Structure formats: C-alpha cells, structure tokens
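# Observations on chain architecture
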Amino acid sequence: MATVQERIRALKTKHNALILAHFYEDGAIQDIADHVGDSLQLAQIGEAASQPVVLLAGVVFMAESVKILSPTKTVLIPDPAAGCSLVDHSPYDMYLAWRREHRDALCVTYVNSSAEVKSITDVCVTSSNAEKVLAAIPKNRQILFGPDRNLGRYLALKLKREMVLWPGACEVHVLFSSRRLFELKAKHPHAIVVAHPECDEAVLQYADVIGSTSRLLAEVKTNPAREFIVATENGILHQMQKARPDALLLQAPAQGSCACNECPYMKLNTLEKVAHALETLTPEVTLPGELIDRSKISLQRMLAISRGEPVEWPSRFNG
Ligand code: 13P
Ligand code: SF4
C-alpha cells in the first residue's frame with residue numbers, strides 16, 4: 001500500500017499542484033513541500049506560481065493572502081480551523097471603529113489579520129519587511145499599527161517612530177518566560193539568543209538577533225556559534241537542525257509547566273489532511289470578489305515597497 005507521502009506526490013502531479021509550508025508546520029509536512037518559508041515568502045511564491053492549484057500548509061490568513069493575490073488559482077488549506085490569535089484579536093468592526101477615529105493616519109497592518117481587516121488597511125507588513133515598509137511612509141503621517149502590539153512596539157523603538165498600537169498579541173509567543181530564559185542563558189553563556197518580534201519586550205531584551213522566521217533561520221545557518229536559544233515556535237527547529245546538525249538548539253523556555261511553545265493552529269495540519277485536500281480539492285479558500293479587490297490594495301502596496309517601487313498614499317481614510 002502506498003504511503004501517505006507517495007499518495008501526496010501522485011496527487012500533486014495529477015492536479016499540477018504546488019505545496020507550500022510555513023516553518024511552523026510539522027517536519028514531515030515541511031519535507032513534502034515544494035517550498036518552506038516565512039509568511040512573506042509564501043505569499044510571493046504563491047502569487048508567482050504557474051500551477052493552478054496551491055496547497056498552503058500554514059494558517060488561514062496565509063492561504064487567504066495567496067488567494068487575494070491570485071484569485072484565479074484554487075487555494076487549498078489542509079484544515080480551515082487553522083486560525084491565528086492575532087486574527088481573533090482584531091475583529092473587523094472594532095478595527096474599523098479604530099480606523100475611523102484616526103482618519104488622517106495611515107493604517108499599517110501585520111499580515112496576521114483577516115481579509116476584511118486588510119480591506120480597510122493602507123499597507124500590510126510581515127516581520128521580514130516591516131522596517132522597509134515603515135521607512136517608505138512619509139514622516140509627517142501618523143501611523144496606526146496593528147494587530148500585534150509586540151511587533152509594533154519593537155518597530156517603534158527601533159525606528160524611533162511613534163505609532164498608535166492595537167493591543168493584540170500572539171498567544172504562542174507571549175508564553176515565553178523571560179525569567180526562565182535568563183536562567184537558561186546563565187547555563188549556556190555562549191549561546192546566541194534568536195527571537196521573533198512577537199515575543200514580549202521582557203524576552204526580547206535577552207535576544208542577540210530579532211527577526212522573522214527566515215531571518216532567525218539564516219542566523220543559525222551562518223553564525224559559527226555552536227549553541228542557540230530559539231524564542232519562536234518549535235516547528236522552525238526542523239530546518240535549523242537540518243542546516244546545523246553540529247549545533248545545540250534549545251527552544252526558549254515557556255512559562256509554567258508548558259514544555260514547548262507550539263502554535264495549536266499550525267499543528268492542526270497533518271499529512272493525512274494534506275492528502276485529503278489534494279484528493280478532494282477541498283477545503284478551498286473562497287473570498288467574495290469585492291473583498292478580494294479591496295484587500296488586494298494593502299497587500300500589493302506591501303509587495304511593491306518590498307521590490308523597491310515607489311507607492312502613492314491615500315490622503316485620508318474615507319471608509
Ligand atoms: P513569519 O512571517 O516570521 O514567518 O511569522 C509568521 C507568524 O505567524 C509568526 O508567529
Ligand atoms: Fe498566529 Fe501566533 Fe500561531 Fe503565528 S504562532 S500563526 S501569530 S497564533
């Protein structure tokens with residue numbers, strides 16, 4: 001009998017499908033994917049793909065980004081319940097009310113948000129291009145930044161730019177414990193601490209490198225150190241350990257008795273669900289055409305700035 005991996009490969013060929021996986025997926029899913037990447041890379045690769053079917057093993061907002069950028073493609077997600085606490089923390093009606101309170105400001109929204117929220121956003125960012133995008137915003141414009149308060153605060157401090165922050169957070173990254181990280185660092189004084197900016201400020205103060213998942217992986221690949229403490233979701237250790245079999249990789253400790261920080265949404269996806277999605281071409285991401293047209297603007301502006309192209313900014317929010 002064929003293994004699940006063999007079934008997936010056969011179905012991929014049958015439907016001319018592309019499989020994309022985020023770094024937080026289980027290692028077995030990463031290993032079957034055509035590309036493994038951070039949220040920006042997955043959106044870019046998904047948009048540029050020539051295949052008519054894209055299966056995105058990640059969370060729903062990532063698959064929605066591919067659908068918004070490439071509406072004619074069939075975009076599959078292994079489990080439609082794979083949400084994100086940042087999406088849950090930024091309901092459309094509340095975000096719209098916040099946006100209306102600051103009509104002259106530009107609204108910068110992390111891609112970890114719903115398509116509806118993107119549709120009332122001036123420009124999206126990911127953790128790998130946020131600095132570049134913010135640098136492109138005229139200095140005389142007030143900035144609203146949501147929904148991740150930790151990423152927003154980190155960027156505001158780094159870029160010395162005041163921003164009005166939405167109070168959302170990632171339920172996974174806020175669970176890292178600064179006290180236990182301090183103790184671990186004392187036991188491993190030569191370890192390089194790499195952290196995702198969704199972590200609390202108290203954790204980030206111990207980080208040698210702060211960045212997106214791809215930035216943290218690049219650091220582990222290229223830094224000659226032999227020990228690393230990794231303050232992000234544990235799925236990324238798969239690629240890190242493959243790249244650095246010689247290095248000791250320790251996930252930063254979580255608060256309480258929790259042994260590791262896993263994203264419960266990312267981990268809903270399984271190889272069986274990937275195979276099922278390719279067999280049935282469901283669950284498919286579907287969005288109303290009008291919502292796609294409105295949410296595309298903020299994503300396309302982000303991608304244009306990432307490519308170094310100039311963009312025009314609206315003078316005020318009229319929604
Ligand atoms: P990256 O854009 O760094 O891959 O992060 C996505 C994410 O959801 C982090 O929790
Ligand atoms: Fe969302 Fe946090 Fe999971 Fe990333 S790790 S997908 S921000 S809940």
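Quantities reported herein were computed from a predicted structural model and do not represent experimental measurements. (Residues numbered from 1 in each chain as written. Chains lettered and ligands numbered in written order. Predicted model: local features only at pLDDT ≥ 70, side-chain atom pairs only at ≥ 80, totals over all residues. Heavy atoms only, no water.)

## Observations concerning the overall build of the chain
Operational definition: The way it works is that DSSP assigns letters per residue, a run of H or I at least four long becomes a helix, a run of E at least two long becomes a strand, and they are numbered from the N terminus. To get the radius of gyration, use the C-alpha atoms; to get the globule rule, take the number of residues to the power 0.38 and multiply by 2.2 Å. Contacts are residue-level and defined by heavy atoms, with any inter-residue pair within 4.5 Å sufficient.
Assigned secondary structure in the chain consists of 15 helices and 12 strands. Relative to the compact-globule value of 20 Å for 319 residues, the chain shows a C-alpha radius of gyration of 20 Å, a close match. Overall, the chain is about 55 × 55 × 35 Å in size when its C-alpha atoms are taken along their principal axes. In the chain, the share of contacts with a sequence separation of at least 24, taken over all contacts with a separation of at least 6, comes to 64%.

## Points about the side chain of Glu 198
Under the convention used in this document: Type-normalised accessible area, obtained with a 1.4 Å probe on protein chains alone, sets the label of each residue: buried when under 20%, exposed when over 50%, and partly exposed for intermediate values. Think of it this way: Lys and Arg go in the positive column, Asp and Glu in the negative one, and His and the chain ends go nowhere. Put simply, a salt bridge is a Lys or Arg side-chain nitrogen that is within 4 Å of an Asp or Glu carboxyl oxygen.
Summarising the element assignment, Glu 198 is placed in the loop between β9 (192-195) and α11 (201-204). Of the side chains with opposite charge, Arg 149 lies nearest to the buried Glu 198, which makes no salt bridge, at 11 Å. Those residues in contact with Glu 198 that lie beyond four places of it in its chain are Leu 86, Tyr 110, Asn 112, Asp 148, Asn 150, Cys 170, His 173 and Val 174.

## Description of the packing of helix α4 (residues 60-69) against helix α15 (residues 289-306)
Filter applied, for reference: Fitting a line to C-alpha atoms yields each axis, with helices limited to the stretch in contact; the angle taken between N-to-C directions then spans 0 to 180 degrees. In what follows, roughly perpendicular refers to angles from 65 to 115 degrees, roughly parallel to angles under 35, roughly antiparallel to angles over 145, and oblique to any angle outside these ranges. In this classification, the charged set is Asp, Glu, Lys and Arg, the nonpolar set is Ala, Val, Leu, Ile, Met, Phe, Trp, Tyr, Cys and Pro, and all remaining amino acids, among them Gly, are polar.
Contact geometry of α4 with α15 gives a least axis separation of 9 Å together with a crossing angle of 100 degrees. With respect to α15, the axis of α4 lies roughly perpendicular. Together, Ser 65, Lys 67, Ile 68 and Leu 69 of α4 and Ile 292, Ser 295, Lys 296, Leu 299, Gln 300 and Leu 303 of α15 make up the contact between the two elements. Taken together, the residues that form the contact of α4 with α15 break down as 5 nonpolar, 3 polar and 2 charged.

## Considerations on the sheet that holds strand β12 (residues 248-251)
Here is the rule: In this description, strands pair whenever DSSP reports at least two bridges between them.
Pairing within the open sheet is parallel, and its 4 strands lie in the order β10-β9-β11-β12. Single-partner strands in this sheet number two, and they are β10 (209-210) and β12. Bridge count for strand β11 (residues 227-231) against β12 is 4 bridges, and the pairing is parallel. Considered in β12, the bridge of Val 230 is made with Gln 251. Sitting on the sheet, helix α10 (residues 178-187) touches β9, β11 and β12, and the angle it makes with β11 is about 175 degrees.

## A word on the site of ligand 2
So the rule is basically this: Being near a molecule or strand, for a residue, means having at least one of its heavy atoms within 4 Å of it. Cavities and pockets were defined on a 1 Å grid built over protein atoms only: a cavity is a set of grid points that admits a 1.4 Å probe from which the probe cannot escape, a pocket is an open set flanked by protein on both sides within 12 Å along at least five of seven lines, and lining residues are those with an atom within 4 Å of any such point. In this scheme, a molecule is assigned to a cavity or pocket if more than half of its atoms are within 2 Å of the grid points.
Within the structure, ligand 2 sits among Tyr 24, Cys 84, Ser 85, Leu 86, Asn 112, Cys 170, Val 172, His 173, Glu 198, Cys 263, Tyr 265 and Met 266. In a pocket analysis with a 2 Å cut-off to the grid points, ligand 2 is assigned to the largest cavity. Class assignment of the residues belonging to the shell around ligand 2 gives a composition of 8 nonpolar, 3 polar and 1 charged.

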